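Observations on the model geometry
This is what each chain is made of:
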Amino acid sequence: MRTACDGDLALDDIDLATESVRFHGEGAKDRRVRFGPKTARALSRYIRARATHRGNELPHLWLADRGGRRLAPNGIKIMLRRLGEKAGIARLHAHRWRHSYAHEWK
């Protein structure tokens, strides 16, 4: 079972034409969630770069830097923390954006 919470999204879950992602959420329901044009551009760039990486034949959206495997949930957590430190943001985690996302799309 794929969920957005554990980062187990597949390439097929992303629809750049409608700027949306399909994920398996609470209540065991598949949902489609919209994202904005900046996110669409970033995902498009990532998907093009991903095509040149080892493991690009895997269905998973996020690939680990080393080895040809998917980026595990803990890898996502570590990556966000490291990027936050580089940007000067202490203890960065994915949940920080939850409220701003909900408010913006309300």
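What comes next is a walk through the structure.

Cut-off values and rules
Residues numbered from 1 in each chain as written. Predicted model: local features only at pLDDT ≥ 70, side-chain atom pairs only at ≥ 80, totals over all residues. Heavy atoms only, no water. Salt bridge = Lys/Arg side-chain N within 4 Å of Asp/Glu carboxyl O. Buried < 20%, exposed > 50% of the residue type's maximum accessible area, 1.4 Å probe, protein only. Helix = DSSP H or I, 4+ residues; strand = E, 2+ residues; numbered from the N terminus. Pairing = 2+ DSSP bridges. Patch = residues over 30% accessible without salt bridge, like charges linked within 9 Å, V, L, I, M, F, W, Y side chains within 5 Å. Areas by Shrake-Rupley, 256 points an atom, 1.4 Å probe, with all protein chains shown as cover. Lys, Arg positive; Asp, Glu negative; His and termini not counted. Charge placed at Lys NZ, Arg CZ, Asp CG, Glu CD.

**Points about the pattern of salt bridges**
Counted under the stated rule, the structure contains two salt bridges. Here Asp 13 ties to Arg 22 by a salt bridge, and the two come within 2.8 Å at their closest N and O atoms. Residue class for Asp 13 comes out buried when judged on its relative accessible area of 1%. For the salt bridge of Arg 34 with Glu 19, the shortest nitrogen-to-oxygen distance reads 3.9 Å. Of this pair, Arg 34 sits in strand S3 (residues 29-34) while Glu 19 sits in the loop between strand S1 (14-15) and strand S2 (20-25); the two residues are 15 residues apart in sequence, bridging distant segments of the chain. Accessibility expressed as a relative area gives 21% for Glu 19, which makes it partly exposed.

**Some remarks on the pairing of S3**
Both S2 and S3 contribute to a ladder of six bridges, which runs antiparallel. Its bridge partner lying in S3, His 24 is registered against Asp 30. In sequence, S2 turns back onto S3 through a hairpin of three residues, with Gly 27 there showing a positive phi of about 75 degrees.

**Description of a positive patch on the surface**
On the surface, Arg 54, Arg 66, Arg 69, Lys 77, Arg 81 and Arg 82 cluster together into a patch of positive charge. Mapped onto the elements of the fold, Arg 69 is located in the loop between helix H1 (37-50) and helix H2 (73-86). Residue class for Arg 69 comes out exposed when judged on its relative accessible area of 54%.

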